[in-house]
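Coordinate analysis (summary)
The lines below spell out each chain.
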Amino acid sequence: MKVPAVKGTRDFYPPLMARRNYLVDGWKAAANRNGFEEYDGPILEYLKMYQIKSGDEIVDQLFSLQDRGGRDLAIRPEITPTLARMVNQQINALPRPIKWFSVPRLCRAERPQKGRLREFFQWNIDVIGAEDLLADAEVICCALDYLQSTGLTADDVVVRISSRRMLAEMLKAIGVAEDQLESLYPLLDKKGRMAPDAFEAALGDLVPAADPMNKILDLMKAERLEQVSEGVTMTGPAQASVEELSSLFDLLDRMGVADFCRFDISIVRGLAYYTGVVFEIYDRDCELRALGGGGRYDNLLKQFGGPQVTATGLGMGDCVLAILLEEKGLLAGRVPTRSLDYYVACVDKRYFPQAVEIVARLRRAGRRANLSYRQTGLGKQLKQASEQNATEVVIVGAEIESQRVAVKALASGEQRVVAVDQFFAGLQA
Ligand code: HAM
């Protein structure tokens, strides 16, 4: 009986695994460059953890199960709640700000489609315990540092930035009641993916009065930050929230990434816990789903039973990223494949014990070395050596009877005969 792979999951054969490692290594290097420390958590959490504050969309996409003791568990669909739980547990011992990163394997029961799978990897960088906008700017800059390291430029990607706080203050200034805000966010978040008529109809259900509804429609049309206050009687907090976002853009400019960033009021984010700056990263052509997204979530730690500690961060998945890099030709030649320092070829099975000794000695000396298990012709072994990207081939032939081997450089084809001891002595240099 043949059993297929589960829908929306991937088998990582070596070429795909090499690509995954290339992405993950780049993420880790960028996080390290930007002063983040790595952490991880368990793949299983209590189901209720995601019911507290992640929002209905995530809860609908949970892979959940019951353990033998009848406890309701879920496979993690994101790591932010785990991070909040872990930080809360050690909050007094951890020096702040906490700058942590992780690359968890996550599962969401989404309908598999281009750039969205049921199992994926997601780079997370978060700063906890820093109210300063600099933390939000650093998260965005770190993501851009990584994207630039792959060869992407401001012509390829854009960070679309807004603020939940500003949206809330503007909606309140327009006349929306505070307790209505949470129900509006999921709809406003979906605006870009809905037909205008359907959006208006859904908005009309939530905000039946014509005046605030029309003002919300106008607000959501603002293309520049200066336009959000047009036609609205601004309150003090509304003004402050606009100024805060403006300061973030100043900081991003100072940090040299202004070309990548733009204001976009339609960025609301699907997750329920965001409280301030929110952003999503897209390809410039807007053909793909978001490469990543994040923002400020100042209440999540408290909602998980900890103290009021502020936080901001981002998640970037591997799926859309790989599609974009492939489309831009930025994977070919950059993803490392298997390579060897030495391939040990044996021309006659009589010399195989010596060949085994040499390959083992090379590995003990820290060199990447391989040999064929089966005795085949030298031509075949040389072909294998070049398929495995060996730099040199150590040929164990009749010379081994006088303790010598031939060493062939594959790129130049140059070959020299050298005493085995001399060859190994040369390695130490
Ligand atoms: P999110 O927007 O749900 O945020 O996910 C962030 C990114 O993860 C997406 O933009 C996408 O690249 C990737 N992603 C999400 N779902 C899938 C999927 N089914 N298949 C492939 N990739 C996917 C969060 O998860 C937040 N916890 C991020 C965060 C960290 N906010 C603050 N800190």
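Since this is a predicted model, take the numbers as computed values, not measurements. (Residues numbered from 1 in each chain as written. Predicted model: local features only at pLDDT ≥ 70, side-chain atom pairs only at ≥ 80, totals over all residues. Heavy atoms only, no water.)

Re the domain arrangement of the protein chain
Assigned domains within the protein chain: domain 1 (14–41 + 79–327) and domain 2 (340–428). Once you take the C-alpha centre of each, domain 1 and domain 2 turn out to be 53 Å apart. (Domains from an automatic or database assignment.)

A word on the site of the ligand
Near the ligand there are 26 residues, and of these Glu78, Thr80, Glu110, Asp126 and Tyr274 occur at the shortest range. Asp126 is positioned with one of its side-chain polar atoms (N or O) 2.8 Å from a nitrogen atom of the ligand. Interatomic distance of 3.3 Å between a backbone N/O atom of Leu314 and a nitrogen atom of the ligand. Counting only elements with at least two residues in the shell around the ligand, the list comes to strand 7 (119–128), strand 11 (292–296) and strand 12 (311–317). (Near = heavy atom within 4 Å. Polar contact = N/O pair within 3.5 Å; in protein donor to acceptor, adjacent residues only side chain to side chain. Helix = DSSP H or I, 4+ residues; strand = E, 2+ residues; numbered from the N terminus.)

As for the sheet that holds strand 2 (residues 44–46)
In space, the 3 strands of this open sheet follow the order 2-4-3, with antiparallel pairing throughout. Each end of this open sheet is capped by a strand with a single partner; those strands are strand 2 and strand 3 (64–66). In this sheet, adjacent strand axes meet at a mean angle of 40° when their direction is disregarded. With 3 bridges joining them, strand 2 and strand 4 (residues 72–75) adopt antiparallel strand pairing. Counted as the bridge partner of Leu44 is Ile75 from strand 4. (Pairing = 2+ DSSP bridges. Axes fitted to C-alpha atoms, helices over the stretch in contact; angles between N-to-C directions.)

Here we look at the environment of Lys380
For Lys380, the position within the fold is in helix 14 (residues 378–387). Given a relative accessible area of 57%, Lys380 falls into the exposed group. It is 9.5 Å that separates the C-alpha atoms of Lys380 and Ala345, two residues lying 35 residues apart in sequence. (Buried < 20%, exposed > 50% of the residue type's maximum accessible area, 1.4 Å probe, protein only.)

Examining the pairing of strand 7
Among the 10 residues of strand 7, 10 are classified as buried, and the element is accordingly described as predominantly covered. Side chains Glu119, Phe121, Trp123, Ile125 and Val127 project from strand 7 onto one buried face, and the interleaved Phe120, Gln122, Asn124, Asp126 and Ile128 project onto a second face that is buried too. Of the pairings in the sheet, the one linking strand 5 (residues 98–102) to strand 7 comprises 5 bridges and is antiparallel in character. Each bridged residue has a counterpart across the sheet, and for Ser102 the counterpart in strand 7 is Asn124. As paired strands, strand 6 (residues 105–107) and strand 7 are joined by 3 bridges and run antiparallel to one another. By the bridge assignment for strand 7, Leu106 is matched with Phe120.

Some details on the packing of aromatic side chains
Per the counting criterion, the structure on display carries 9 aromatic pairs. Aromatic pair Phe12 and Phe121: ring centres 5.9 Å apart, planes at 75°, arrangement edge-to-face. With Phe12 in the segment before helix 1 (14–33) and Phe121 in strand 7, this pair connects stretches of sequence that are 109 residues apart. Relative to Phe424, the ring of Phe423 lies with its centre 5.2 Å away and its plane at 70°, an arrangement referred to as edge-to-face. A cation over an aromatic ring shows up here: Arg20 above the ring of Phe12, its NZ or CZ 4.6 Å from the ring centre. (Phe/Tyr/Trp six-rings, centres within 6.5 Å; stacked < 30°, edge-to-face > 60°. Lys NZ or Arg CZ within 6 Å of the ring centre and 35° of its normal.)

So, the pattern of salt bridges
Evaluated as defined, the whole model comprises 29 salt bridges. Across the pair Arg224 and Glu226 runs a salt bridge whose closest N-O atoms are separated by 2.7 Å. Residue Arg350 pairs with Asp348 through a salt bridge whose shortest N-O separation is 3.4 Å. Members of the salt-bridge network, linked through shared partners, are Asp136, Arg165, Glu244, Arg296 and Asp298. (Salt bridge = Lys/Arg side-chain N within 4 Å of Asp/Glu carboxyl O.)

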